[in-house]
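Overview (structure and organization)
Here's the letter readout for the chains.
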Amino acid sequence: MLIRTCLILLTLSSGLFSQTPDWTEPFPPHKVAGNVYYVGSRGLSSYLITTPQGHILINSSLEQSVPLIQASVEKLGFRFSDVKILLISHAHWDHCAGSAKIKQITHAKYMVMDADAKEIEAGGKGDFQYDSPENYYPPTKVDRILHDGDTVKLGGTTLVAHLTPGHSKGCTTWTLKVDEGGKNLDVVIVGSPNVNTGYKLVNNTKYPQIATDFERTFRVLKALPCDIFLGAHGVYYGLEEKFPRIKPGAPNPFIDPEGYKSYVAERERAFRAELKKQSGQ
Ligand SMILES: [Zn+2]
């Protein structure tokens, strides 16, 4: 765990994306709650939302993640070809590089937030921070451009796209309601509230409104009702600690409204500290 944490820190401090081993390490696929399933790797989260009319997949991850995601979907007893809609957390290659391949295999409709769509179709070119060849990914056609508050509906399930910008311009936090043991629960899949190393919050000519966008993100995240706390990486919500607590008869470990609140509060403090530092205060 310590080694993994160090690797993540190293990755973040490089200022560029570089892969950490847990991104491609398989992780047991599992039911989260209701019709939401985890089909990602140890380090990169992908979610399958199943419906009687086909499925929604959130995050295609890396190109080499696609066989792993497919195997996870099939292990749970679902068909990969039944994925009808593909969504992402944000336009960074660790969440979207596999999209072209998944579209090719499943013919899923790719739906992306407006402010991320241009980068997705350009394969990462034009990103305010990561516009260099080592961060590019296969350009992928977007079939539906989403706007803040838009809904994505399939087979009786409705997801809401919340624009939570800053980490990327179109970073998206997904919410839905699930029925778990007769209870109606609010699920939040956090897009990313992180100020990566190298991000310029002040005088950023490529993204002048970055700081106010992060402010907006924290406002949005704090206002969302949350029972089930999930995110684009398992480390956001403590996947590795929670997963072993899945036991018949035990409380669902992913129900964690307090964990969500303290995560958002901690990330906001980190943002404010960085903003203060960069403002020279
Ligand atoms: Zn990212």
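Note: the structure precedes this text.
Here, residues in each chain are numbered from 1, in the same order as that chain's written sequence. For this predicted model, a pLDDT threshold of at least 70 governs which residues receive local features, and a threshold of 80 or more governs which side-chain atom pairs are given and counted, while totals over whole chains, interfaces and linings are taken from all residues. Excluded from the side-chain calculations are hydrogens and water; all other atoms, namely the structure's heavy atoms, are used.

Observations regarding the overall build of the protein
The way it works is that DSSP assigns letters per residue, a run of H or I at least four long becomes a helix, a run of E at least two long becomes a strand, and they are numbered from the N terminus. In terms of helices and strands, the protein carries nine helices and 12 strands. To get the radius of gyration, use the C-alpha atoms; to get the globule rule, take the number of residues to the power 0.38 and multiply by 2.2 Å. Radius of gyration (C-alpha) of the protein: 18 Å, near the 19 Å computed for a compact globule of 281 residues. The C-alpha extent of the protein, read off along each of the three principal axes, is 50 × 40 × 40 Å. Burial status follows relative accessibility: with a 1.4 Å probe on protein chains alone, a residue under 20% of its type maximum counts as buried, one over 50% as exposed, and anything between as partly exposed. Going through the 281 residues of the protein one by one, you find that 54% of them count as buried.

Details of the environment of L163
Structurally, L163 is set in strand 9 (residues 157–163). For L163, a relative accessible area of 14% gives the class buried. In the structure, L163 is positioned 115 residues away from L48 in sequence and 21 Å away in space, judged by C-alpha atoms. The contact criterion used is simple: two residues touch if any of their non-hydrogen atoms lie within 4.5 Å. Sequence-distant contacts of L163, defined by excluding residues within four places in its chain, comprise M113, D148, K169, G170, C171, R216 and V220.

Some remarks on the state of the cysteines
Disulfides are defined in this document as cysteine sulfur pairs within 2.5 Å. Here the structure, examined in full by the defined rule, presents zero disulfides. There is no disulfide at C96, and the cysteine sulfur nearest it, in C171, is 12 Å away.

Some details on the coordination of the zinc ion
The donor definition counts N, O and S atoms within 2.8 Å of each metal and applies 3.2 Å to Na, K and Ca; water is not among these atoms, so some sites may look incomplete. Around the zinc ion, the protein contributes the donor atoms H90 (NE2), H92 (ND1) and H167 (NE2), at 2.1 to 2.3 Å from the metal centre. Mapped onto the sequence, the donors of the zinc ion take the spacing H-x1-H-x74-H. Linking H90 in the loop between strand 5 (83–87) and helix 3 (93–96) with H167 in the loop between strand 9 and strand 10 (172–180), this pair joins segments that are 77 residues apart in sequence.

Things to note about unusual backbone geometry
For H107, which is not glycine, the phi dihedral falls at a positive 60°. Considering the arrangement of structural elements, one finds H107 in the loop between helix 4 (99–106) and strand 6 (109–113). A relative accessible area of 63% means that H107 is categorised as exposed. For N203, which is not a glycine, the phi torsion comes out positive at approximately 55°. By the element assignment, N203 lies in the loop between strand 11 (183–190) and helix 6 (210–223).

Thoughts on the sheet that holds strand 1 (residues 30–33)
When DSSP finds two or more bridges between a pair of strands, those strands are recorded as paired. Reading across the sheet, the seven strands line up as 1-2-3-4-5-6-7 and stay open at both edges, with mixed pairing between neighbours. The open sheet is flanked by strand 1 and strand 7 (144–146), the only strands paired with a single partner. Each adjacent strand pair in this sheet contributes to an overall mean axis angle of 25°, direction not counted. Where strand 3 (residues 47–51) meets strand 4 (residues 54–58), five bridges bridge the pair, whose relative direction is antiparallel. Following the sheet pairing, T50 is matched in strand 4 by H55. Across the sheet, helix 5 (residues 114–121) lies against strand 6 and strand 7, angled at about 125° from strand 6, the strand it touches most. Orientation is described by axes fitted as lines to C-alpha atoms, over the contacting stretch for helices, and by angles from 0 to 180 degrees between their N-to-C directions.

Examining the layout of surface pockets
Within this model, the second largest pocket holds a volume of roughly 150 Å³. Using a 1 Å grid laid over the protein atoms alone, points where a 1.4 Å probe fits but cannot get out form a cavity; open sets with protein on both sides within 12 Å along at least 5 of 7 lines form a pocket; any residue with an atom within 4 Å of a point counts as lining. What lines the second largest pocket is simply K31, V32, E180, I246, K247, A250, P251, N252, P253 and F254. Basically, the charged four are Asp, Glu, Lys and Arg, the nonpolar ten are Ala, Val, Leu, Ile, Met, Phe, Trp, Tyr, Cys and Pro, and anything else, Gly included, counts as polar. The class makeup of the residues in the lining of the second largest pocket is six nonpolar, one polar and three charged. Grid points are joined across faces, edges and corners, and a volume is the space filled by probe spheres set on the points.

Description of the packing of aromatic side chains
Note on ring pairs: Phe, Tyr and Trp rings are taken, using the six-membered ring of Trp, and paired if centres are within 6.5 Å. Classes follow the plane angle, with under 30 degrees stacked, over 60 edge-to-face and the rest tilted. Applying the stated criterion to the full structure yields 15 aromatic pairs. With centroids separated by 5.1 Å and ring planes inclined at 65°, the aromatic side chains of F128 and Y199 adopt a geometry described as edge-to-face. A residue pair is termed long-range when its members are at least 10 positions apart, and F128 in the loop between helix 5 and strand 7 and Y199 in the loop between strand 11 and helix 6 qualify at 71 residues. For F128, a relative accessible area of 7% puts it in the buried group. The exposure class of Y199 is buried, given its relative accessible area of 2%. Ring pairs connect the aromatic residues F229, Y236, Y237, F254, Y260 and Y263, which therefore count as one cluster. As a reminder, the over-ring test applies to NZ of lysine and CZ of arginine, requiring each to be within 6 Å of the ring centre and within 35 degrees of the ring normal. A cation over a ring is seen here: K125 above Y136, with NZ or CZ 5.0 Å from the ring centre. The ring centre of Y207 lies 5.2 Å from the NZ or CZ of K169, which sits over that ring.

So, the sheet that holds strand 8 (residues 151–154)
Within a sheet, adjacent strands bond to each other through the backbone by hydrogen bonds, running parallel or antiparallel. Pairing is mixed across the open sheet formed by five strands, whose spatial order is 8-9-10-11-12. Two strands close off the open sheet at either side, each with one partner strand: strand 8 and strand 12 (228–231). Averaged over all neighbouring strand pairs, the angle between strand axes comes to 25°, with direction disregarded. The sheet contact formed by strand 9 and strand 10 spans four bridges and is antiparallel. Across the sheet, the residue bridging to L163 is T172, located in strand 10.

Bear in mind that shape data such as this cannot, by itself, settle questions of function.
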